[in-house]
Amino acid sequence: MASLENDADLLNEIIYYGREKLYHHIQKAVLEGRRKKGGTPLLAFWNAFSLMMEGSLAEAMQEFKQINHRDVILCTTLALIHCHKQSPTVDRETVQKLDGRMREERKTCGEMGWYHAGMFLWMVGRHDKAREYIARVLKGSPDNVEACTLYGWIDLTCGRDSLVKKSVDYFDRVLVKKDTLSYIPPDCFLGKARFFEMRNEFAGALDLINLAIVDHLEFTPILVEKCRVSLALKNWDQFTDATQRILGQSPTSIDAHRYQALWLQCKCGKTKEAAERLGEVIELIDRLEPRNHRLCYETSKIFSRMAAGNQLILQQTAALLERARTLAPAASDYVTELGCQALMRVKGSVARDAEKIFREALKLDETSVSALTGIIWCQLLNGELEDAQQQLEFLTELQSSIGQSSDLYYLHALLAEKKAAPTMEIMEKLCEAQKYHSEWAKKLPLGFDYFIQFNPHFTLLLVKFLMKYASEDGLSSVKMLNSCEILLEELTGKSPGLIEGLYLTSKLWLIKGDLSRAQTGLTECVKLDPTYSPALLLSAELALKKGDYMLCRQHLDEGLSHNFEVRESPHYHLLRSRACMLENNIRGAKDALVTALGLPGVKKQTDNSNITAAERSVIFIELCAIYTRLKKPAEAMAIVTEATTIFAGTSEQFRISVAHADLLAATDVDGALSLLRTITPNDPYYVISQQKMAEIYLKHRKDRRMYIKCFEDLTANVSTAQCFDLLGDALMTIKEHGRAIDAYQTAIKKDPHNGQMASKAGKAMIRTHNYSRAITYYETAVKLGKQTHLRYDLAELHMKLHQYEKVEKVVTAALESETGEDVHTRQVRVKFLLLQAQVSEKSDVQRALDLLNVAKEQQAKVLRAYQSTESTATELDEQRQKAADICCYSATLFISRRDHEAAARLYQEALLFMDNYERALVALAEMYLSMDNLDACHQHCTTILRHITDHEVATMMIAEVQFRKEQYDLATFHFEQLLEKAPTHFEALSRIIDLMRRLGKLKDSEEFMKQAEKHITVTIPAGLHYCKGLYKRYSGDPTEALQCFNLARKDKEWGERAICQMIDICLYPDGETLGGEVLSAVESDSDADQHGYEDMAVKTAERLLSEWQPTSEAGKNRKRVVEGHLLLRKKGRQEVEEAILLFMDVLRPSERNSQIQEYTPAIVGMITGYMLIKQFPRARSQMKRIARKVWSFDEADDLERGWLLMVDHYISSSRTEDANRTLGRIVQYNQSCSKAWEYYGHLCEKASNFTEAAKNYENAWRFSSQSNAVIGYKLAFNYMKAQRYVDAVEVCYKVLELHPNYPRIRKDILEKARSQIRL
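The sections below set out a description of the structure shown in this document. From a predicted model like this one, the values you see are computed outputs, not experimental measurements.

## Details of the pattern of salt bridges
Note that side chains of opposite charge can pair when their charged atoms are close.
Thought 1: One pass over the structure, following the stated rule, counts 77 salt bridges.
Thought 2: A salt bridge links arginine 553 to glutamate 583, with the shortest nitrogen-to-oxygen separation between them at 2.6 Å. Residue arginine 553 is found in helix H32 (residues 549-562), and its partner glutamate 583 is found in the loop between helix H33 (570-582) and helix H34 (586-597); the two are separated by 30 residues along the sequence.
Thought 3: Assessed through its relative accessible area of 28%, arginine 553 is described here as partly exposed.
Thought 4: Judged by relative accessible area, which is 29%, glutamate 583 ranks as partly exposed.

## Structural notes on the packing of helix H16 (residues 254-267) against helix H18 (residues 293-307)
Each pair of packed helices can be described by the angle between their axes along with the distance between the axes.
Thought 1: Where H16 meets H18, the axes come as close as 10 Å, and the angle between the chain directions of the two elements is 10°. With respect to H18, the element H16 is oriented roughly parallel. On H18, the residues that touch Ile254, Arg258, Ala261, Leu262, Gln265 and Cys266 of H16 are Leu295, Thr299, Ile302, Phe303, Met306 and Ala307.
Thought 2: Considering only residue class, the contact of H16 with H18 consists of nine nonpolar, two polar and one charged.

## As for the side chain of serine 495
Thought 1: Within the fold, serine 495 resides in the loop between helix H28 (477-494) and helix H29 (499-512).
Thought 2: Setting aside anything within four residues of it in sequence, one finds serine 495 in contact with Cys266 and Phe451.

## Remarks on the packing of helix H20 (residues 332-344) against helix H21 (residues 352-364)
Thought 1: Two numbers describe how H20 lies on H21: the axes approach to 8 Å, and their chain directions differ by 165°. Overall, the two elements H20 and H21 adopt an arrangement that is roughly antiparallel. Taken as a pair, H20 and H21 cross one another with a handedness that is left-handed. Contact with H20, carried on its side by Ser332, Val335, Thr336, Leu338, Gly339, Cys340, Ala342 and Leu343, involves Ala354, Ile357, Phe358, Glu360, Ala361 and Leu364 of H21 and no other residues of that element.
Thought 2: In the contact of H20 with H21, the residues fall into 10 nonpolar, three polar and one charged.

## As for the nonpolar core
Thought 1: Counting residues in each nonpolar core, the largest one holds 196 residues, and the members touching the most others are Trp46, Phe49, Met52, Phe64, Phe120, Leu262 and Leu430.
Thought 2: Looking at this core element by element, the count peaks at nine residues for helix H4 (residues 41-54).
Thought 3: What methionine 52 contacts, discounting residues up to four positions off in sequence, is Leu57, Ala60, Phe64, Ala79, His82, Cys83, Phe120 and Val124.
Thought 4: In this structure, Ala661, Val687, Tyr777 and Leu893 belong to the second largest nonpolar core, which totals 121 residues.

Scoring rules and cut-offs
Every chain begins its residue count from 1, and numbering advances along the sequence as written. Local features in a predicted model are, by the rule used here, given only for residues with pLDDT of at least 70; side-chain atom pairs are given and counted only at 80 or more, and totals for whole chains, interfaces and linings are based on all residues. Think of the side-chain values as coming from all heavy atoms in the structure, minus any hydrogens and water. Counted as salt bridges are all cases of a side-chain nitrogen of Lys or Arg within 4 Å of a carboxyl oxygen of Asp or Glu. Secondary structure is summarised from DSSP: a helix means a run of H or I of at least four residues, a strand means a run of E of at least two, and numbering begins at the N terminus for each. Burial status follows relative accessibility: with a 1.4 Å probe on protein chains alone, a residue under 20% of its type maximum counts as buried, one over 50% as exposed, and anything between as partly exposed. Between N-to-C directions, angles cover 0 to 180 degrees, with each direction set by a line fitted to C-alpha atoms, over the stretch in contact for helices. Here roughly perpendicular refers to angles of 65 to 115 degrees, roughly parallel to angles under 35, roughly antiparallel to angles over 145, and oblique to all remaining angles. Here, residues are in contact when the closest pair of their heavy atoms is within 4.5 Å. Polar here means any residue other than Ala, Val, Leu, Ile, Met, Phe, Trp, Tyr, Cys and Pro, which are nonpolar, and Asp, Glu, Lys and Arg, which are charged; Gly is therefore polar. Left-handed is the label given to a crossing in which the near helix is rotated counterclockwise from the far helix by less than a right angle, and right-handed is the label when the rotation is clockwise. Grouping buried Ala, Val, Leu, Ile, Met, Phe, Trp, Tyr and Cys residues that are joined through side-chain atoms within 4.5 Å yields what is termed a nonpolar core.

Take a look at the structure:
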C-alpha cells in the first residue's frame, strides 16, 4: 500500500479526526493536503465524508458522484447508499441501483478498495461489515500493517467482550515487528494503548504512548491521548506537560484547551480562569467545528457537572448548549440537558422555567427517562408533591426493568422529606442513593466521562442532603456520616480544587471530631480562595471546638469583611454567641441569639432560606440554655414553648422535647421523664431522649438500675451497633465491666469493621485483666478495619505484658502501612516510632536513639505544618512539647550511657522547641547536680522557680546545691518558704527533717510537723506518719519510728519508702558499721541478748521484704540490694558470698546500658561483704569507686555507710590521715552522724588525747540521743581519763538507767570515778 505510505501522516490525522468525530477538522486537513500535494480521489472522498457526517447530505453526494477511482470507488458507492438512507426522503430506486453497482465493484475491487471501504463502514458504526471487508484484505496480505491496525480497532470498538479481548492480537501482530518494519502507523500504538485503558492498565498504556511519541514526534493526537491517560493516572505533572506540548505544536487544539480548563477547575480551583479558558474553547469550536453540535453538547455537559453550581462556568456551558440546540433543534437530549443546567442555576425552591424545558424535551422524545426525572425534580421543588409522587411511582416501575439509579433514590428521599416521612426512611433512601452513585466512581477512570457520570454537582447535593441528617447528635447519623465520607473522599481525591468539596469534607471531619483533618481541609480552602466565607465561618466553628474564642472572633470578622451578607446568616450569630459563652460573656451570647431569632427563615422557613430545621432548632435550644444560666426560668420556658409551636409536626419537635425535659429536670424530674417517654422508637432523636432519660435517672435519682434500663430499652428498640456501644459505655460508667464486654461484643458483631468498638471491648477486657481476649479482639479488629489507633492499642498491650517481640511486629506493620506524607500520618508515625524506641532501649540503645532521631525529624515537620496553618496557641504548644519530649527521651538514653555532653545538647534543643520547658530544665538541673556542676544546676533551678515559685523538685535541688556549698541558712530558707505556703507538703517536710538532721538541728524541724498537724482536720495522712517516723529514727528512737512507719506502709505513695526505712531499722538499729573491725570489740559484748534481737530483726525484715512489691526499675534494684543486706546480716560465709553475687548482678551491665553500673547501694553492699569475709584487696577496689562518688541527697545514707567502712579500714591499716579526711567529708554532709564522731573519738583516744576524744564522744552521745550504751561507755571512760570524774559518773548513771544489765560500766568506770572523787 505504497499510496498510504506516501500520505501517511495526513491519512493518520484524518482517521483520528474521523474516529473522534471532528469532521470539520477533516475538511481542514484535506484542504491542507490539497494545498501541499494537490487533489487526490482519496482526499476528495474524505472531504465528502466529513460533509456527510456534518449533515450536508446533498453537497456530500455531489462530491461523491465526482469520484471515480478504482481504490475508492467501493467506499464511495457505500457512502452514496448511506447518504440516500439518511435523507428525509429515501430514493429507493437509486439505492437499488447503487446496491447493484456495489456488488459489481466488489468483484473487481483490489486491496486498497476493500481497505477504504472497511474504514468507511467502521466510521459509520457498521462494525460487522467493516470486519468482513478488512478480513478480505488480511486473507490476501496477512501482514498488511494498516489492515491489521484497522481490524484491531474494529474489534476494540465493537462492544463485544469476546472480540475486544482478541483485538490486541492484531496490534501485537504489527508491534512485534517494530524493529524490522520501516513504518508503523500511530493508530497501532494508540489502539493497543486504548486496549490497556479499557482494562484499567493505564501504566502500560502510558508506556506505549511514550513509544509512539518517539516514533511520531509531530503527531499531536498522541499527546492528546497522553493527556487522557495521565489524567486517568491522576498524574497532574505529566498531564500539564502534555497539554503544554500540544499547545506548542497546535495552539488551536480544542482538546488541549478543554483539558486546561479541566485542570484549572478541578486541580487548581481557579474557576474564573477556567471559565475564561472555556470561553476560548467556545471560540475555537465556532471557528474549527462550527457545525459540531455533539461537541458543543458534550463539552457543555462535562463542564456543567464540574462547575458545582459556579455561575461563571454555567454561563459558558449554557452558551455551548444553545449552539448545539440551534444546530440540532430536534435533539431531545440537548433540550433535557438545557433543563438540567437551568435546574443547576435555580436558587431557592422554585424551578418553573426548568420544568417547562423538561416538558419540551419530553414532547420531542416521550421515552426520555432523563426528561421525566427532571420534571419530577422540578415538581418536588415547586411543592407539587402529589403529581411528583405519581410520576415517581411510574418512573420507579420503569427503572425496575432498566436498573436503579442514584437520582431515583435521591428523589424518593426528597419526596419523603417534603411529606414529613419518618427520618429513618429518608436516611435509608439517601444511603441507597450514595451506594448506587459510588458504584459509578469505581467503574470509570478519571476523565471527561467520569465527570459526566459521577457528576460533582449532584454529588455535592447528595452530600448536603446527607449532612442534614448527620449532625453531632444521635447515633443514626453515623451511617450518614460514613456515606458522606465515601462520596467526599472520591470527590476531593479526583477534584482537589473543588472548593465546596473541600469545605464539606472539613465540615464532615468537624462533625466527626477530627479537628486536625478539619483544619487541614480548611487551610486548603483558604489557599484556593481567601474570601470564601463558608470556610471562614467553619474555621470560626473549629476555633470554638478548640476553645479559642479569640481566633473564632477573628475568623468571623474576616468572613464579614469579605461578604457583608454573612450578617444575615443565623449561623454567624450562633457562632458569635458560642464565642461569647467561651469568654463567659453570657449576656453577649444571649444578644447574638436574639438577633439570630429575628432573621428571616429562623422562626418561619422561607423558600430562599438555606438554613435547615436542625440549625433553626439549635438556636432556640441554646437560647433556652442561656436563659437558664442567667436564672431566668420564665424566659427559658417561653422560648421552649415557642419552639414547640414552631416545630410541631416536624422532626425537630422531638429535639425541642429533649431540651424541654432538660429544663424541667431541675425542678420536676417526673415531668421531665414523662415528656421524654412520649418520644417513641420511630421518632427522630429517640436515641438522644433515652440518653437524656438515663442521665436524669443517674444524676437526679441516683438510680443505677433505671440508668442501665434506659440503654437496654434503647438496644431492644434500635438494635444497631451504635446503641449497643452506648450500652457498653453506660455499663463501664457504673463499673460493670463484664456486662460491658458483652455489649461491645454484640456491637462488633453488628459492625465488624468498627475498630473503635473493638478498642473499647479490648480496654474493658484489660480492666478485667482478661488480656488474652483483649489481644484477640485487637488483632481481629486490625485485620478487619486496619485502623491505626487499634494497632497502637494492641502494641501498648503487648508492651504492658512485656511481649516485646510482638510489640516490634505490630509496630513494624503499622509503620509499613503509614506511608503518607500528610500531617496526620506523620503524627501517627511519631507515636509508633516512640513505642518502637521503648522496645529497642531494652536491648539496643543505639537503635533506640536512631529511632528517636527519626521521630524528632517527623515531629519537626509536623510542627512546621502546624505553624504554616491557622493553629491555636494550645495546638502549637502541644506539638512543641511533643518535639521537646522526644529530645528529653533521647537525652535520658545518653545519660544512661554517661554521655552527658550529648544529653545536654538534646536538653538545650528541647528548650529551643519550647522555651522554659519544665521537664527539660529539671532534667538539666538534675544532670548537672549529678556531675557536681553546682553553678549550672543552680542557674536552671532559678529559671524554674522564676516561673513556678513553689516548684518542689527545683526547690529541693537548689537547697541541695546550697547545702553542698555550705550555705546552710539558704538551704533551709527554700523549704521553709514552701512549708509556710503548704504546711502539709510532706515531701518538703521529709526533706527539711533530713536537712535539719544533717545540720545538727533536728529539733528545729519539730515545729514544722506541729504546723502540719494543725492543718489536718480528719485522718492523719500517711505522709505525716512517714515524716514522724523519720524524725523518731533520727532522734534515736527506733521503736517509735517503726510504729510510725508501720502506719504508712500500706499507702500507695509513701508505703515503699516506709517499708524500706523499716527494713533498714531492723538491720541497722543503731547505725552499726557492719563489716567494720575497729569498734566491734566494745560492741560485741555490749548486750547479752544482742544475738537474739538480731535474729528477730532479720525475720521481721524478711517479712517486710516479702510485702514490698516495687514497680519502678529503681525500686526493684533497691529491693535486691536489701535482700543482699539481709544475707550479710546473717554473717555466714555462704550467705555473704551469695549476697556479693547478688550485688554484682545488680551492677552488671544491662541490656540498656553496656557499661558497668555505678549503683552506690550495691557497691557499699559489696564492700561490706568483702570486709566480712576478710577479702580486703577486693574491698579496697570497691572503696575507690565510692571515693569518687559525688554526694547527693538521694544517695546520702548509702554513701555515708560506705565512707564509714572506708574510715574503719583506714584506721585498721593505720592510715590516720586518710581516716580523718574521710570523716571530715562525712561530717560536712551530716553533722549528726554519731558514728563519725565515734570514729573521731576513737582516733583521739588511740593517740591518748583523752580531752579531744571526750569532745568527739560528747557529739556522738548527743546525736545518738544519749541512748547508745557503747558510746556512753566510751564517753565516760574518756571523761575519767581526762580527770572529769563527775561527768563520768553522770554518764554512767544515764547508761545504767537505760541499760541496767550493762555491768561493765559500773566496774570499769563508775566505781573508779567515785573513788577519785572521794580522794
